[in-house]
Amino acid sequence: MNQVTMKKIGVPGKIIFVLLLLLHKSKQEAFNDQATLTVPENEVGWMETLDDEKLISDITIPGTHDSLALHGGPAAECQAWSLENQLKAGIRYFDLRVSGFGLRIMHGAISQHTTFPDVFNTIKTFLSQYKTETVLVRVKPVLFLLKCKVPDLVENVIENDISWVEEEIPKIGQVRGKIVFVQKNGFQLGIPLFETDKHNDYIVTDVETKKQKISKHLTEARDEQNRADQVVLNYSSGTGWPKFRLLKTPKNVASQINPWLYEYLNNESKKPNPKPCFGVIAMDFPGLDLIRKIIEFNK
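The following paragraphs examine the structure supplied in this document. Everything quoted here is computed from the prediction, not taken from an experiment.

Calculation criteria
Residues numbered from 1 in each chain as written. Predicted model: local features only at pLDDT ≥ 70, side-chain atom pairs only at ≥ 80, totals over all residues. Heavy atoms only, no water. Helix = DSSP H or I, 4+ residues; strand = E, 2+ residues; numbered from the N terminus. Buried < 20%, exposed > 50% of the residue type's maximum accessible area, 1.4 Å probe, protein only. Contact = heavy atoms within 4.5 Å. Areas by Shrake-Rupley, 256 points an atom, 1.4 Å probe, with all protein chains shown as cover. Patch = residues over 30% accessible without salt bridge, like charges linked within 9 Å, V, L, I, M, F, W, Y side chains within 5 Å. Salt bridge = Lys/Arg side-chain N within 4 Å of Asp/Glu carboxyl O. Polar contact = N/O pair within 3.5 Å; in protein donor to acceptor, adjacent residues only side chain to side chain.

## Regarding the overall build of the protein
Piece 1. From N to C terminus, the protein includes nine helices and ten strands.
Piece 2. Looking at the protein residue by residue over its 299 residues, the buried ones come to 50%.
Piece 3. Restricting the contact set of the protein to residue pairs at least 6 apart, pairs at least 24 apart contribute 74%.
Piece 4. A total of about 14,500 Å² of accessible surface is found on the protein, and carbon and sulfur atoms cover 54% of it.

## Re the environment of F297
Piece 1. Considering the arrangement of structural elements, one finds F297 in the segment after α9 (288-296).
Piece 2. Accessibility expressed as a relative area gives 6% for F297, which makes it buried.
Piece 3. Separated by 29 residues in sequence, F297 and E268 have C-alpha atoms that sit 9.2 Å apart.
Piece 4. If we ignore the near neighbours within four places in the chain, the residues touching F297 are T60, L265, E268, S269, K275, P276 and F278.

## Considerations on a nonpolar patch on the surface
Piece 1. Together, F101, L143, L145 and L146 give the surface a local cluster of nonpolar side chains, amounting to about 340 Å² of exposed area.
Piece 2. Its location among the elements puts L143 in the loop between β5 (134-142) and α5 (150-157).
Piece 3. Overall, L143 belongs to the partly exposed group, its relative accessible area being 31%.

## With respect to unusual backbone geometry
Leaving glycine aside, a negative phi is the common case for residues, and trans is the common case for peptide bonds.
Piece 1. One non-glycine residue with positive phi stands out, namely H113, at about 60°.
Piece 2. Within the fold, H113 resides in strand β4 (residues 110-115).
Piece 3. You can call H113 exposed: its relative accessible area is 63%.
Piece 4. Of note in the backbone geometry, D229 takes a positive phi value of approximately 65° without being a glycine.
Piece 5. Secondary-structure assignment places D229 in the loop between α7 (207-221) and β9 (231-235).

## A word on the environment of H107
Piece 1. Position of H107 relative to the elements: it lies in strand β3 (residues 104-107).
Piece 2. Expressed as a C-alpha distance, the spacing of H107 and V142, which sit 35 residues apart in the sequence, is 8.8 Å.
Piece 3. Excluding anything up to four places from it in sequence, H107 contacts D66, A69, A75, A76, C78 and Q112.
Piece 4. Among the polar contacts listed, one links the side chain of H107 to the side chain of D66, at a separation of 3.2 Å.
Piece 5. A polar atom in the side chain of H107 sits 2.5 Å from the backbone oxygen of A76.

Spelled out as structure tokens, the structure:
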């Protein structure tokens, strides 16, 4: 908006314009649906300050749900950033749906135009540049045909010197520069997982009800007993499509949930120390400030 236009709208108009800008900025910080990313270099390696003796299960970790679901239209797309940009933004947990057909990354029946070997090499390259970091990866075998072959095919790709595939929960000092694999159903390599989501919690018929479920799950995640010998995983993602709520796409749900989640975590962060540990929070379309807020719980 140029100076002439600003003069014409007057002082009240200017105030409204500024407020709209601030509101837009606030939403964008928690929710992002743009492929581009600008992040300060000194923020990328956020795990550098973590105590080497801290267990991975005692870290609050920003993650993404269906991490590479970038293609397939409104019902299928869950993220806007590429894998490289998610890593630079601070995401340290990735949820991969892998088929036995060439280890293609899928979302349902939709190919995401990449493969597990490509993903592994991208993370490997990132970790070679940011050696203080560690990245958690959950592999979920999908599609009925050849689904049973996924664990063996993935194991053939994994390089042991940069991978943690043991069940024991490692300390961060043991896995800097490494990929930590997380168990899921038919994929038994790596550390155990405790999911706070119950059956069909991902289906959103009402956003307010979804917020209540997320709040309940995060409360459950704080319980140290649930983090004993396992990593806790929470989801803030959801969709209404299985129940034909066609307007409740993953993006639409995230645009409402993410700003709320930011405020929820912001309020939690202001409570007296010690700060709670929430484990992994897997999101759709997270914005930089939401990721930063999650990371704050480790400081």
